[in-house]
Amino acid sequence: MEIRVLGSFEVLVDGTPRGIPGAGERVLLALLACAGDRTVGKDRLIDELWGEQLPANPRNALHLRVSKLRRVIGDALVSDPPGYRLDVGEGEVDARRFEQLVAARRHAAALALWRGPPLEEFADHVWARAEAARLTGLRATAVEDWIDERLAAGENASVVAELERLVAADPLRERLRGQLMTALYRCGRTADALAVYRDVYQLLDEELGVTPSVPLRRLQEAILRQDAALDAVAAVPAAQGNLPTPLSSVVGRELEVSRLLELSSGRRLVTVTGPGGIGKTTVALAAARRAVDDHAHGVWLVRLSSVRDGAGIPTAIADALDLPTAEATSVRQLVISWLAPRRALLVLDNCEHLIDACAEYVEALLVSAGDALRVVATSREALGVHGEVQMPVAPLPPDDAVMLFADRAAAVRPGFDATAAEPAVRHICERLDGMPLAIELAAGQVAMLSPDEIAARLDDRFRLLTGGPRTAEARHRTLRAAVAWSHELLTPAEQTLFRQLAVFAGGWTLEAAEAVCTVDGDDVLDLLGRLVRQSLVVAEGSRFRMLETIRVYAAQLLEEDGGAATVRERHARFFTDLAEAIEPALRGGEQSRSLASLHAEDANLRLALGWAREHALSAPDVGLRLAGALGWYWYVGRQVDGRVQLRATLDAVGAGSPAARARALQALSLALRPAGCIVHPSAHAAAAAEESRALFTTVGDTARAALSQLLTAVEAVAGADVERHLAAVADARRALQACGDPWGVALADFVETEIVLYHGSTAQALALGRRAAKAFDALADTWGRSAVRLHLGVGLRLAGRCDEADVMLHEAVRLTRDRGLPNNLARSLIELGETALHRGNPTEADRWLGHGERIARDLADESMLALVALARGTAARLRDDPEVARLPYADALDRCERNHVPRGVARALAGIAAAALDEGRADDAVATHLGRAGDIAEQIGDALLRATVLEQLARLAALRGDDDARARCLADAADLRARHSRPRAAVDERDTQRMVTTTS
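Residues numbered from 1 in each chain as written. Predicted model: local features only at pLDDT ≥ 70, side-chain atom pairs only at ≥ 80, totals over all residues. Heavy atoms only, no water.

### Quick look at the overall build of the protein
Let me state the cut-off plainly: The helix and strand labels rest on DSSP assignments: H or I over at least four residues marks a helix, E over at least two residues marks a strand, and numbering proceeds from the N terminus. Any pair of residues with heavy atoms lying within 4.5 Å of one another is described as a contacting pair. In this description, accessible areas are obtained by the Shrake-Rupley approach with a 1.4 Å probe, and a residue is regarded as covered only by the protein chains that are shown.
Along its length, the protein carries 48 helices and 14 strands. Intrachain contacts of the protein at a sequence separation of at least 6 include 68% that bridge at least 24 residues. Total accessible area on the protein stands at roughly 42,100 Å², and carbon and sulfur atoms take up 51% of it.

### Re empty space enclosed by the protein
The criterion, for reference: Only protein atoms enter the 1 Å grid used here, on which a cavity is any set of points holding a 1.4 Å probe that cannot leave and a pocket is any open set flanked by protein within 12 Å on both sides along at least five of seven lines; residues with an atom within 4 Å of a point are listed as lining. Grid points are joined across faces, edges and corners, and a volume is the space filled by probe spheres set on the points. For this classification, Asp, Glu, Lys and Arg are treated as charged, while Ala, Val, Leu, Ile, Met, Phe, Trp, Tyr, Cys and Pro are nonpolar and the rest, including Gly, are polar.
By the definition in use, this model includes 5 cavities of 30 Å³ or more. Considering only enclosed or pocket space, the largest cavity measures out at about 890 Å³ in volume. In terms of lining, the largest cavity is formed by 42 residues, of which the most central are R797, L798, E834, R907 and L944. A breakdown of the residues in the lining of the largest cavity according to their chemical character gives 23 nonpolar, 9 polar and 10 charged. Volume-wise, the second largest cavity comes out at about 60 Å³. Residue composition of the lining of the second largest cavity, grouped by class: 8 nonpolar, 3 polar and 1 charged.

### What about the side chain of D781?
To keep things clear, this is the line we draw: Under the rule applied, a polar contact is a pair of N or O atoms within 3.5 Å (in protein, one hydrogen donor and one hydrogen acceptor; residues adjacent in sequence only if both atoms are side-chain atoms).
Position of D781 among the secondary structure elements: in the loop between α37 (762-779) and α38 (782-798). At a separation of 3.0 Å, a polar atom in the side chain of D781 contacts the side chain of Q591. From its side chain, D781 meets the backbone nitrogen of W783 in a polar contact 3.3 Å long. Leaving out residues up to four positions away in the same chain, D781 has contacts with L586, R587, G588, Q591, W743 and F776.

### Focus: the environment of S597
Applied cut-off: Residue exposure (1.4 Å probe, protein chains only): buried if accessible area is under 20% of the type maximum, exposed if over 50%, otherwise partly exposed.
Here S597 is to be found in helix α27 (residues 591-600). Judged by its relative accessible area of 26%, S597 is partly exposed. As for S597 and A579, which are separated by 18 residues in sequence, their C-alpha atoms are 9.5 Å apart.

### With respect to the nonpolar core
Where we set the bar: Nonpolar cores are built from buried Ala, Val, Leu, Ile, Met, Phe, Trp, Tyr and Cys residues. Side-chain atoms within 4.5 Å join them into one set.
Among the nonpolar cores identified, the biggest contains 271 residues, and F405, F498, L501, W508, I678 and W783 are the most heavily contacted of them. The dominant element in this core, judged by the number of residues it contributes, is helix α36 (residues 742-759), at 11 residues. Excluding anything up to four places from it in sequence, L501 contacts W508, A513, C517, L528, L531, V537 and M546.

### Here we look at the packing of helix α34 (residues 702-713) against helix α35 (residues 722-738)
If you want to describe how two helices pack, look at the angle between their axes and the distance between the axes. Short version of the rule: Helix axes use the C-alpha atoms of the stretch in contact, all axes being lines fitted to C-alpha atoms, and the angles between their N-to-C directions lie in the range 0 to 180 degrees. For classification purposes, angles smaller than 35 degrees are called roughly parallel, those larger than 145 roughly antiparallel, those between 65 and 115 roughly perpendicular, and all remaining angles oblique. When the near helix sits turned anticlockwise from the far one by under a right angle, the crossing is termed left-handed; a clockwise turn instead gives a right-handed crossing.
It is the contact of α34 with α35, at a shortest axis distance of 9 Å, that shows an interaxial angle of 155°. Relative to α35, α34 is oriented roughly antiparallel. Pair α34 / α35 crosses with left-handed handedness. Of α35, the residues touching α34 (which contributes T702, A703, A706, L707, Q709, L710, T712 and A713) are H725, A728, V729, D731, A732, A735 and L736. For the contact of α34 with α35, the residue count by class is 10 nonpolar, 4 polar and 1 charged.

### Section: a nonpolar patch on the surface
Defined as follows: For patch building, the residue pool is restricted to those with more than 30% relative accessible area and no salt bridge; the joining distance is 9 Å between like charges and 5 Å between nonpolar side chains (Val, Leu, Ile, Met, Phe, Trp, Tyr). Salt bridge, as used here, is a side-chain nitrogen of Lys or Arg placed within 4 Å of a carboxyl oxygen of Asp or Glu.
The grouping of L172, L208 and V210 at the surface amounts to a nonpolar patch, some 250 Å² of accessible area in total. Mapped onto the elements of the fold, V210 is located in the loop between α9 (190-208) and α10 (214-224).

### What to know about the sheet that holds strand β14 (residues 543-545)
Stated precisely, the cut-off is as follows: When DSSP finds at least two bridges between two strands, those strands are taken to pair.
Pairing is antiparallel across the open sheet formed by 3 strands, whose spatial order is β12-β14-β13. Whereas interior strands pair on both sides, the edge strands pair on one side only; in this sheet they are β12 (508-509) and β13 (538-540). Summarising the sheet, β13 and β14 pair through 3 bridges and their orientation is antiparallel. The partner of E540 across the bridge, within β14, is R543.

### Remarks on helix α12 (residues 280-290)
Given 3.6 residues per helical turn, the α-helix brings residues three or four places apart onto the same face. The buried fraction of α12 amounts to 8 of the 11 residues, a majority that puts the element mostly inside the structure. All of the buried residues in α12 are K280, T281, V283, A284, L285, A286, A287 and A288. Contact partners of the buried residues in α12: α11 (254-266), β7 (269-273), β8 (299-303), β9 (345-349), β10 (374-379) and β11 (389-392).

### Examining the pattern of salt bridges
The tally for this structure, following the rule as stated, stands at 85 salt bridges. Here D561 makes a salt bridge to R499, at a shortest N to O gap of 2.7 Å. Note that D561 is positioned in the loop between α25 (548-560) and α26 (564-582) and R499 in helix α22 (residues 492-501), a separation of 62 residues in sequence. A salt bridge links R839 to D806, with the nearest nitrogen and oxygen atoms 2.7 Å apart. Taken together, the residues R839 in helix α40 (residues 822-839) and D806 in helix α39 (residues 802-816) connect sequence positions 33 residues apart. The exposure class of R839 is partly exposed, given its relative accessible area of 36%. Assessed through its relative accessible area of 13%, D806 is described here as buried. The structure contains a network of salt bridges with shared partners spanning R877, D880, D918, R955, R990, D991 and R994.

### A short note on the side chain of D145
Considering the arrangement of structural elements, one finds D145 in helix α6 (residues 126-152). Within the structure, D145 has its side chain in polar contact with the side chain of R175 (distance 2.6 Å). Once residues within four sequence positions are removed from consideration, D145 is found in contact with H107 and R175.

### Details of helix α18 (residues 436-443)
With respect to burial, α18 is a largely interior element, 7 of its 8 residues being buried. Every buried residue of α18 is listed here: P436, L437, A438, I439, L441, A442 and A443. Looking at the packing, one finds that the buried side of α18 touches α16 (398-412), α17 (422-431), α19 (451-456) and α21 (479-488).

### Remarks on the confidence of the model for the protein
For the record, the criterion: The predictor rates its confidence in each residue with pLDDT, a number between 0 and 100.
Considering every residue of the protein, the mean pLDDT works out to 88; 96% of them sit at 70 or more. When mean pLDDT is compared element by element in the protein, α34 scores highest at 97, while helix α20 (residues 461-464) scores lowest at 73. A low-confidence stretch, residues 233-239 (pLDDT under 50), is modelled with 9 contacts involving residues beyond four sequence positions or located in other chains.

Shown next, in the form of structure tokens:
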């Protein structure tokens, strides 16, 4: 059992969280856990549990709580008159384990136990507040002691950022200030160190009226006179061993070092694994230096990279231990005999090329030695010894990678401005996968090149990243040598698969590897497993990937051996087949899973499309089939990308079969839809849909032809031949019913809903929409369920039924969130903003519009951003700020004109005119804007837009003193609103009321 109080209160039994019934039982267990192995008397327990609110029979109540708690933790709760205590094993309460580790000066392991504020759940109990304060104080001291140890080990640069955070959190803690001053001074930042002192001097004076302590004042004086003693790294506690003195700081590996210390304290063999250049040796040595005090007979480093065969391992260890081997009859036995009785730590560095021999000898060592011997090995793959624990080392996180680059760059170019160069440095670190060796080699180039120049040359990284320290092992002097070392250890079959895997981008599945890669006489699954074990491939769930540096190296080898063309073609054809297999599942209950599957393969799909365009003459259908299969995937969330890919593919492929070309054109029609809306009219989208319909008809694909017919019929929403397109919808619906396609039938209802909403009865449109929503519900199609509800919300808002609209739109948001449908989500959020504006609440509208705009910007969707801009213009007008309103209206106009969205153009023109009228302007420009907006509204048959323009024309007439024109416009607008059930929104109502009041 494990009881955790250093953070949220948790109880784990066999590693599984166990719930504790009742708040009282949780308090009881926490109190006993904090008491250690001491018995807590019943009277105290009663006082702490109930205080002055005693139950009728306190002792019976306490007994009842004890009984309930025992049902969960069993005999660990011991009755020990005159009270109770916990009988748990050593270290099973994290607070007690923390104190033990601190007492043993194992501060990193102790601090790693903390997950948050202790006992926060019980903060209303006096005992808990006191215990939390005690533990928090111990932690603060432990942090300072731990930082002292790291400073003593020369880790100055790596603690600066951490100390800055700690000082910001507790600015009056002078020991932290002194540590920060010391670290900054040793990093060559004397001015910054003195600034820390000035800050605390001023703070202490203002807050407490005192001056800094004597030790802090003396430290400031020593910095001012540049006392040589400040530069000295404190001596590591005396112990045997041969660890080298660190020549540079360890940056960004604190978690790994702490984890290794924790593992090696409890396990006899820990193997630190990872690809070449990832920092295995750095982590192992940093942990070893901190473990010196725990090993009375020394911490010993054995470098094996220069050992050529397994027979040399005992000699290498004996040399590291400085054992006399000349007279030994067996060096192997000499080493075992010397280590067997001793408490020592052996660090075996670089075991991968001697993996079998290392495994055999380490096992012999551990079997013969006492329990006190510990071994830490570094290797591309685990040794495979019984009882071994693996600790993989991952790439550096982005912030730590940037810090490492800055630290190493400052060493070769004093005064290097890391802040100014951060964007380029961050890009370099990202391109280099956070691999420390690559980052250090790149940082070494700042002596000659700027970070921007380094970033620009990373396509040829193996030529660029050379010039490591002359004293470094040969394989660490260049990036190529580091990766080549790993490659040379592979068998011929492993090398073949390694090269072929470079064809993948962004990772791959086992199925993809087996289909694309071929190794004669060998099983891909077995070979792939071996590459994972040797840290050349990373396994992440059901997917695999290479670090980009390793992939680039493998790709170069693939090109050199002449096998790239064949593998790339297999790759392109596999992903074309995969996309076509997934495409039907993009509609229906498997939609979210299928979208996620395609998203995971996005980089591979782009690569396959690139191959298809390069081979458009020899294999035209590959590109058309792949682009066509991805149409729906692009439509629901990556439209801008889809437009580019589809146009490029169609332009590249001059021929191709009619069926394949029709699929690509239908996909293009989806990608061209403005604002991510399938029922949004677009002349360009309609043209692509009509061309695809004709081709599908030619090849006899009735169902797909009917879908293209629906996409063409959407033009009726913009007032184009409404009756003909409604008839086309009815024909398509019948064809889809005959084909047994319920999804297509639901889409037909959706298209008709939108047409009728703008050119028929609102009630009929809402009824059709509800029918479509019900059909999509039955199909469990999240896109359809959310899209129809989004448009039902729009229809209800237009009809003035805002409360009902809110319900629909919130449901659309709920359905789309985290489902891979950003278009529907963004539109639903924007429409919630429009509904708030309809009510006259610009503040609420701003909130929804902000959420929607962030997604729209990520999508780079011009039409959707135009909707946001139109709404922001209206919000500004509601706030009586016409000058502010003009800017978003102008932005919307520009976006809508560039993207051929006539309704948006008309709304923006009307908004610009209305803002001018708000300022009392009645010039010809206002009339021109309204005239143009009215013409568009008439052309697309938008009754609401026509009524809005008429009301603004009435305002213009009123300002010009033309009462007859004003009255006619208002009457015509009122007639339109009544006939089409389009009541005024808040801003329109305000405009009309003000005009009536002014003229009466």
